[in-house]
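# Notes for the structure review
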Amino acid sequence: MHARAIDEADLELVCRHREEMFRDAGRSEDVLQTMTRHFRDWLRPKLRDGSYFGFVLADDDRPVAGVGLMVIDWPPHPMHPAEDKRGYVLNVYVEPAYRRRGLAHELMRLAEAEFQRRGVGYAILHATEKGRDLYAGLGWSGTTEMSKTLERGAD
């Protein structure tokens, strides 16, 4: 198993992994198709300019796991009072045949090291139910975040 950085050629791989991650979490097919179409358009320029980055783990040349990363602008906060950015982890996915081998741990180790390399001292992620124990075991903790879906107004 070897790690490599995500690049523009990984567009479809990242889209597939994201869709499979949400499918595993029980999301409906119609929502997934719409999400993936819009995500692909969102992701393409971010891969190109490097604002979406991350890692792929491959078995020989076959990609079997991946993690996406971003550094996002965020005002100084009690959890990072002197920083105006946060690391954001997304799209952690390991293909079913490769689970329970420590690959998600390795992806998170790579993610944390990359954030440190970039000078990021605080990071967040949104965990699925299946992922919570993994992240808690790696020292990640819950936050007070809440969410609400709003109806969009006409432009």
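Refer to the structure presented above.
In this report, we go over the structure that sits alongside the text. Note that the structure is a prediction, hence the values are computed from the model and not measured.

Procedures and definitions
- Residues numbered from 1 in each chain as written.
- Predicted model: local features only at pLDDT ≥ 70, side-chain atom pairs only at ≥ 80, totals over all residues.
- Heavy atoms only, no water.
- Pairing = 2+ DSSP bridges.
- Helix = DSSP H or I, 4+ residues; strand = E, 2+ residues; numbered from the N terminus.
- Axes fitted to C-alpha atoms, helices over the stretch in contact; angles between N-to-C directions.
- Phe/Tyr/Trp six-rings, centres within 6.5 Å; stacked < 30°, edge-to-face > 60°.
- Buried < 20%, exposed > 50% of the residue type's maximum accessible area, 1.4 Å probe, protein only.
- Lys NZ or Arg CZ within 6 Å of the ring centre and 35° of its normal.
- Expected span 1.5 Å × (residues − 1).
- Arc of directions from axis to C-beta.
- Contact = heavy atoms within 4.5 Å.
- Salt bridge = Lys/Arg side-chain N within 4 Å of Asp/Glu carboxyl O.

## Notes on the sheet that holds strand S3 (residues 62-73)
- In space, the five strands of this open sheet follow the order S1-S2-S3-S4-S5, with mixed pairing throughout. Of all strands in the sheet, those bounded by a partner on one side alone are strand S1 (2-5) and strand S5 (123-125). When the angles between neighbouring strand axes are averaged without regard to direction, this sheet yields 25°.

## Topic: the packing of aromatic side chains
- By the definition in use, this model includes three aromatic pairs.
- Plain terms: the ring middles of Phe39 and Trp42 are 5.6 Å apart, the flat faces sit at 25° to each other, and that makes the pair stacked. Taken together, the positions of Phe39 and Trp42, both in helix H2 (residues 29-49) and three residues apart, correspond to about one turn of that helix.
- Between Trp42 and Tyr52, the aromatic rings sit 6.3 Å apart at their centres with planes inclined by 90°, giving edge-to-face as the arrangement. Of the two residues, Trp42 is situated in helix H2 and Tyr52 in the loop between H2 and strand S2 (53-59); the sequence distance between them amounts to 10 residues.
- Trp42 gets classed as partly exposed once you look at its relative accessible area, which sits at 31%.
- The ring of Phe39 has Arg18 lying over it, and the distance from NZ or CZ to the ring centre is 4.5 Å.
- One residue, Arg118, lies across the ring of Phe53, its end atom 3.5 Å from the ring centre.

## Brief notes about helix H3 (residues 103-117)
- With 15 residues, H3 should cover 21 Å at 1.5 Å per step; its first-to-last C-alpha distance of 21 Å lies within 8% of that length.
- Inspection of H3 places Leu103, Ala104, Leu107, Met108, Leu110, Ala111, Glu114 and Phe115 among the buried residues, and these make up the whole buried set. End-on view of H3: buried residues confined to an arc of 160°, all on one side of the axis. For H3, the exposed residues set more than 90 degrees away from the buried face come down to Gln116 and Arg117.
- Among the structural elements, S1, S2, S3, strand S4 (85-94), S5 and helix H4 (132-137) are those in contact with the buried residues of H3.
- Two residues or fewer after H3 comes Gly119, characterised by a positive phi angle close to 80°.

## Description of the pairing of S2
- Counted residue by residue, S2 has six buried out of seven residues, so it is predominantly covered.
- Bridge count between S1 and S2: four bridges; the pairing is antiparallel. Of the residues in S2, the one forming a bridge with Ala3 is Leu57.
- Summarising the sheet, S2 and S3 pair through seven bridges and their orientation is antiparallel. Each bridged residue has a counterpart across the sheet, and for Phe55 the counterpart in S3 is Val67.

## Comments concerning the pattern of salt bridges
- Evaluated as defined, the whole model comprises 14 salt bridges.
- Here Arg48 and Glu8 are joined by a salt bridge, their closest N and O atoms 3.5 Å apart. One end of the pair, Arg48, is in helix H2; the other, Glu8, is in the loop between S1 and helix H1 (11-24), and 40 residues separate them in sequence.
- What makes Glu8 partly exposed here is its relative accessible area of 45%.

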